[in-house]
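# Commentary on secondary and tertiary structure
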Amino acid sequence: MNRKERACIVGAYEHPTRHAPDKSVAQLHAEVAHGALKDAGLDARDVDGYFCAGDAPGLGPLSMVEYLGLKPRYFESTDVGGSSYLVHVRHAAQAIEAGHCNVALITMAGRPRSEGSSGTKARTYNFLAPEAPFETPYGLVPINSYAMAAQRHMHEFGTTPEQLAWVKVTASHHAQHNPNAMLRDVVTVEDVLASPLIADPLHRMECCVVSDGGGAVIVARPEIAASLKRPLVRVIGSGEAIGYVDSSAMNITTSAASQSGAAAFAEAGLSPQDIRYASIYDSFTITVLIQLEDLGFCEKGQGGRYVADGQLIAGQGRLAINTDGGGLCNNHPANRGGMTKIIEAVRQLRGEAHPAVQIPDCGIALAQGMGGMLGSRHGSATLIMERE
Amino acid sequence: MNEPERKAASIYSDPLLNPENQFWFESAAEERLIYRYCIACNRAHHPPRSVCPHCHSDRLKWGVSSGRGAVYSSSMLRRGVSEPYCIAYVTLDEGVTMMTNLIGFGSETPAVGIRVRVRFVLTEGGIHIPVFERD
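Residues numbered from 1 in each chain as written. Chains lettered and ligands numbered in written order. Predicted model: local features only at pLDDT ≥ 70, side-chain atom pairs only at ≥ 80, totals over all residues.

### Some details on the overall build of chain B
Helix and strand counts for chain B stand at one helix and eight strands. What you see in chain B, going N to C, is helices and strands ordered as α-β-β-β-β-β-β-β-β. In terms of overall dimensions, chain B is globule-like: its C-alpha atoms have a radius of gyration of 15 Å, near the 14 Å expected for 135 residues. Seen along its three principal axes, the alpha-carbon backbone of chain B occupies a region of about 45 × 30 × 30 Å. Split into buried and exposed, the 135 residues of chain B put 39% on the buried side. The long-range share in chain B, meaning contacts at least 24 apart out of those at least 6 apart in sequence, stands at 50%. (Helix = DSSP H or I, 4+ residues; strand = E, 2+ residues; numbered from the N terminus. Rg over C-alpha atoms; globule rule 2.2 N^0.38 Å. Buried ≥ 20, exposed ≤ 12 C-beta atoms within 10 Å, placed from the backbone. Contact = placed C-beta atoms within 7 Å.)

In structure tokens, the structure reads:
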């Protein structure tokens, strides 16, 4: 398909709140929907496609479509945790390019901070899953799943705690410029390693924040995008995959990003060397390191060296990641960081990131999401976007 | 084997039994660690299923494990819980890997590769589940 025929992201909005005890989840969805529509210069009556995931209250899209008064002729509620919204952008673009809708609204929001959520507590969504009786008695929670991947990565490749800590240091350097970020203090490798061990080998500062809030994006037909006043951001490559543990051939140090990334690069006709800004899902430090390897930014096992010494801080190396401060410092609304990954990539492409972290003339960007648990089963989605 | 360890309040939550997984837990109650393998493709898997995830054959058998294996990876969860515990993947000598807990290692996370052997403990509701200790 000609690139000019590709669907575009025309609206993007990140809710400024990080603590919303006085709002409902549906209300937060409505606020981010309004924000993204306003950003695009569109009206709710223009929306004919709606996408949401498990953070939306109610059965699939039913309640939110009613609450928002939408009349979609295309809808979807694929839920693969934090990576859902990148999958939604992909599917929305496919639906638009197939003629099924013109303007797709994707919303996400939640209040885990107000509700006392933590990565050390079991998620309740999968107690009926077939594997649950063999996992829940042992206390599988998000952090110890990712921690087992980290321990195994250290064992196989010699990755060090100092190298992992650089992922957090990088995020903190970016977050200092984001007035909405939850954690704005610049930290050092020593600070990270001095913070308490939560699940060996991961320290407290290697965990993403627990924040209330949300975000929304709007995907539209290119003709509609061209009629709006915002810079054109085209989705030129995408991929999705599900990774799980093969009990007869264990490998928890490679994620499904290896498949979703390869598909996205192949569709875009690009390679990692063409990317100068990447949003990389950062539930924990190890999440970033493994995805960078699997996307091909460095060889498998070399992630520790790749993330170390500030090489991914904007202006210091040839690739910058998570210039909003990421989930580690800025925001991880609804315990699902995929939406904010898309939004910061759109900001970079539009030239609307904070001047201190804006990549000069950022023409191509990547957003990578991972949902579920790296050490057990997870969804992965990759988007490659281009500014005209 | 020794009597299963029954704590005043078990740290292990109850598994939800169903017709497909019940036999595995009944075997655990008899202190036998069993695993599924497929006679069509000769590969094992865990958790046990009625259809082989490798080749979709339904020609599945139960194997009895020696109960010995090595730690594939593990992590001691230290904060946000009433009592620290160590989750792990253990690769049994029969070649199949299972999620479990490691016990008896004190406050340390055992290194990858350490040899372990099975021991059965009771969940809150009195269901036997396998955990592993140093061999």
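Right, picking up where we left off after that structure.
### A few points about the interface of chain A and chain B
Opposite the 31 residues of chain A that make contact, chain B presents 38 residues. Elements represented by at least two residues in the side of chain A that touches chain B include exactly helix H4 (142-157) and strand S5 (197-199) of chain A. Per-element tally for the side of chain A that touches chain B: the top contributor is H4(A), with seven residues. Residue classes in the side of chain A that touches chain B are distributed as 17 nonpolar, nine polar and five charged. (Nonpolar A, V, L, I, M, F, W, Y, C, P; charged D, E, K, R; others polar.)

### What to know about unusual backbone geometry
With an omega of 0 degrees, the peptide bond between A:Asp200 and A:Pro201 qualifies as cis. The topology assignment puts A:Pro201 in the loop between S5 and strand S6 (202-203). Between B:His46 and B:Pro47 the backbone carries a cis peptide bond, its omega angle lying at -5 degrees. Tracing the sequence through the fold places B:Pro47 in the loop between strand S2 (44-45) and strand S3 (60-64). With a phi close to 60 degrees, B:Glu31 is a non-glycine residue in the positive phi region. Take B:Glu31: there are 16 C-beta atoms within 10 Å of it, and that puts it in the partly exposed class. One non-glycine residue with positive phi stands out, namely B:Asn42, at about 65 degrees. For B:Asn42, the position within the fold is in the loop between strand S1 (34-38) and S2. Of the residues examined, B:Asn42 has 9 C-beta atoms within 10 Å and is grouped as exposed.

By themselves, these observations are geometric and do not establish any function.
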